[in-house]
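Chain residues, written in single-letter form:
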Amino acid sequence: CIKMKKKVFLILILFIGLFVTGCSTNNKDALKFKEEYEKINGDKTSYSDNKYRTLKIDKNNPYVYSSAKEILEKINNKETFYVYFGSSYCPWCRSVIEKSIESTQKNNIKKIYYVDMWNGFHNEILRDTYKLNDENEATKEKDGTKEYYKLLEKFDNLLEDYTLTTDDGEEVKVGEKRIFAPDFIYVENGVAKRITSATSENQKDADAKLTKEILKDEENSFDNFFKN
C-alpha cells in the first residue's frame, strides 16, 4: 500500500510538473509575441512612407511559436489545433491581430500556433515569390521551402488560387494556391476545416484607420471562425 501511494504521488508530481512547464512555455511565448508586435509601433514601414500601426497586445494572448515543419508533424499525427500564418511586419496582420486575441478570450481558445511567414525579414522566407515579366506572365523569383509546398497540399481544400494583377487591372494566375498573411486555419484530426483572414471588405488600405464598421467585421469573422 505504501509503495502504491508513493507511485501515485510520483505520478501526480510528474503531471503537475508537466502542466506547469506547459503553462510556463505558453506564457513565455505570449510575452515574446507581445514584444515582437509592439516593438515596431510607429516605425517607418519598409514598403511606403507610412508608419506601422500602433498595437497593444494582451500579455495573455494565445500565441505559441511554431514552424512549418512542426505544423506538418501535427497534421500527420492527426492532431486538432489552430494555426496563424503571419508576420509582425505585415500591415494586414497588424490590422486584425488585436481582434483575434479578443475573440480567442471570448471563445475560450487557449492556444494558436504561430508561423512567421517572413521570419521577421531574417534568414529563410517560408513561401515563394512571383512577379510579372514584360509579357505579363507570372515568373517565379524565389522558391519557397519544401515544407511550404507540403502545406499547400495539406490545405488545398481551403486555399485560393494565387493571382498577380497587371497595371491594367487584369488578374494573372500563377498556377498554384497560396498561404496568405494573415491566414488563420483550423485543423481537426489532421484535416483542414476552416480558414479566415478576418480582414474586412470595408478596409481597402492595409494602413487605413480601423473604423467601428471594420472592427465589427473582424469580430464577426473571428467569432465564426473560433466557434466550437
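Residues numbered from 1 in each chain as written. Predicted model: local features only at pLDDT ≥ 70, side-chain atom pairs only at ≥ 80, totals over all residues. Heavy atoms only, no water.

Peer 1: I would appreciate a short explanation of the nonpolar core in the present structure.
Peer 2: Buried together is how nonpolar side chains tend to be arranged in soluble globular proteins. If you look at the biggest cluster of nonpolar residues, it comprises 45 residues, and the most contacted ones within it are Tyr 84, Phe 85 and Phe 155. When residues in this core are grouped by element, the largest group, five residues, is from strand S2 (residues 81-86). Filtering out sequence-adjacent residues up to four positions away, Phe 155 remains in contact with Ile 71, Ile 75, Phe 85, Ile 179, Ile 185, Val 187 and Ala 192. (Core = buried A, V, L, I, M, F, W, Y, C linked by side-chain atoms within 4.5 Å. Buried < 20%, exposed > 50% of the residue type's maximum accessible area, 1.4 Å probe, protein only. Helix = DSSP H or I, 4+ residues; strand = E, 2+ residues; numbered from the N terminus. Contact = heavy atoms within 4.5 Å.)

Peer 1: I keep staring at the packing of helix H2 (residues 68-76) against helix H4 (residues 146-154) and nothing clicks. Help me out?
Peer 2: How two helices pack is summed up by the angle between their axes together with the distance between the axes. For the pair H2 and H4, interaxial distance at closest approach is 9 Å and the crossing angle is 35 degrees. Seen along the crossing, H2 lies across H4 with a hand that is left-handed. Residues Ala 68, Lys 69, Ile 71, Leu 72, Ile 75 and Asn 76 of H2 form the contact with H4, whose participating residues are Glu 147, Lys 150, Leu 151 and Lys 154. Looking at the contact of H2 with H4, its residues break down into five nonpolar, one polar and four charged. (Axes fitted to C-alpha atoms, helices over the stretch in contact; angles between N-to-C directions. Left-handed = near helix turned anticlockwise from the far one by under 90°. Nonpolar A, V, L, I, M, F, W, Y, C, P; charged D, E, K, R; others polar.)

Peer 1: What exactly am I supposed to notice about the sheet that holds strand S8 (residues 183-188) here?
Peer 2: As a general point, the strands of a sheet are linked pairwise by backbone hydrogen bonds and lie either parallel or antiparallel. Read across the open sheet, the five strands follow the order S1-S3-S2-S8-S9; overall the sheet is mixed. Strand pairing shows two members of the sheet lacking a second neighbour, strand S1 (63-65) and strand S9 (191-196), which therefore form its edges. Ignoring strand direction, the axes of neighbouring strands in this sheet form an average angle of 30 degrees. Pairing of S2 with S8, which is carried by five bridges, proceeds in the antiparallel orientation. Among the inter-strand pairings, Val 83 is bridged to a residue of S8, identified as Ile 185. (Pairing = 2+ DSSP bridges.)

Peer 1: It is not clear to me how the pattern of salt bridges should be interpreted in this structure. Could you clarify?
Peer 2: Under the definition given, this model contains twelve salt bridges. Measuring nitrogen to oxygen at the nearest pair gives 3.4 Å for the salt bridge that ties Glu 79 to Lys 74. On the accessibility criterion, Lys 74 (14% relative accessible area) is buried. Look at the salt bridges and you will find they share partners, linking Lys 106, Lys 216, Glu 219 and Asp 223 into a network. (Salt bridge = Lys/Arg side-chain N within 4 Å of Asp/Glu carboxyl O.)

Peer 1: When you look at helix H5 (residues 212-225) in this model, what are you seeing that I'm missing?
Peer 2: For an α-helix, the turn length of 3.6 residues means that residues three or four places apart are oriented alike. With 14 residues, H5 should reach 20 Å at 1.5 Å per residue; the first-to-last C-alpha distance of 20 Å fits that figure. Inspection of H5 places Ile 214, Glu 218, Phe 222, Asp 223 and Phe 225 among the buried residues, and these make up the whole buried set. Here the buried residues of H5 occupy an arc of 165 degrees about the axis, which is enough to place them on one side. Among the exposed residues of H5, those oriented more than 90 degrees off its buried face are Lys 212, Glu 213 and Asn 224. Summarising the contacts, the buried residues of H5 are in contact with S2, helix H3 (91-106), S8 and S9. (Expected span 1.5 Å × (residues − 1). Arc of directions from axis to C-beta.)

Peer 1: Explanation requested: H2 in the structure shown.
Peer 2: Regarding H2, the residues found buried are Ala 68, Ile 71, Leu 72, Lys 74 and Ile 75. Buried residues in H2, looked at end-on, bunch into an arc of 160 degrees, giving them a common side. Once H2 ends, the next one or two residues include Lys 78, with phi positive near 60 degrees.

Peer 1: What am I meant to see in the layout of surface pockets here?
Peer 2: For the largest pocket, the calculated volume is near 580 Å³. In terms of lining, the largest pocket is formed by 25 residues, of which the most central are Phe 180, Ala 181, Pro 182, Ser 197 and Thr 199. Classifying every residue of the lining of the largest pocket gives 14 nonpolar, five polar and six charged. (1 Å grid on protein atoms, 1.4 Å probe; cavity = no way out; pocket = protein on both sides within 12 Å on 5 of 7 lines; lining within 4 Å. Points joined across faces, edges and corners; volume = space filled by probe spheres on them.)

Peer 1: Looking at this structure, I do not really get the side chain of Gln 203. What am I missing?
Peer 2: Checked against the element boundaries, Gln 203 lands in the loop between S9 and H5. Accessibility expressed as a relative area gives 5% for Gln 203, which makes it buried. A polar side-chain atom of Gln 203 sits 3.1 Å from a polar atom in the side chain of Ser 95. A polar side-chain atom of Gln 203 sits 3.3 Å from the main-chain carbonyl oxygen of Ala 206. Sequence-distant contacts of Gln 203, that is, excluding residues within four places in its chain, are made with Arg 53, Trp 92, Ser 95, Ala 208, Leu 210, Ile 214 and Glu 218. (Polar contact = N/O pair within 3.5 Å; in protein donor to acceptor, adjacent residues only side chain to side chain.)

Peer 1: I tried to follow a positive patch on the surface on my own but got confused; where do I start?
Peer 2: Side chains of Lys 69, Lys 78, Lys 146, Lys 150 and Lys 154 sit close together on the surface and give a patch of like positive charge. Of all the elements, H4 adds the most residues to the positive patch, at three residues. Tracing the sequence through the fold places Lys 150 in helix H4. (Patch = residues over 30% accessible without salt bridge, like charges linked within 9 Å, V, L, I, M, F, W, Y side chains within 5 Å. Areas by Shrake-Rupley, 256 points an atom, 1.4 Å probe, with all protein chains shown as cover. Lys, Arg positive; Asp, Glu negative; His and termini not counted. Charge placed at Lys NZ, Arg CZ, Asp CG, Glu CD.)

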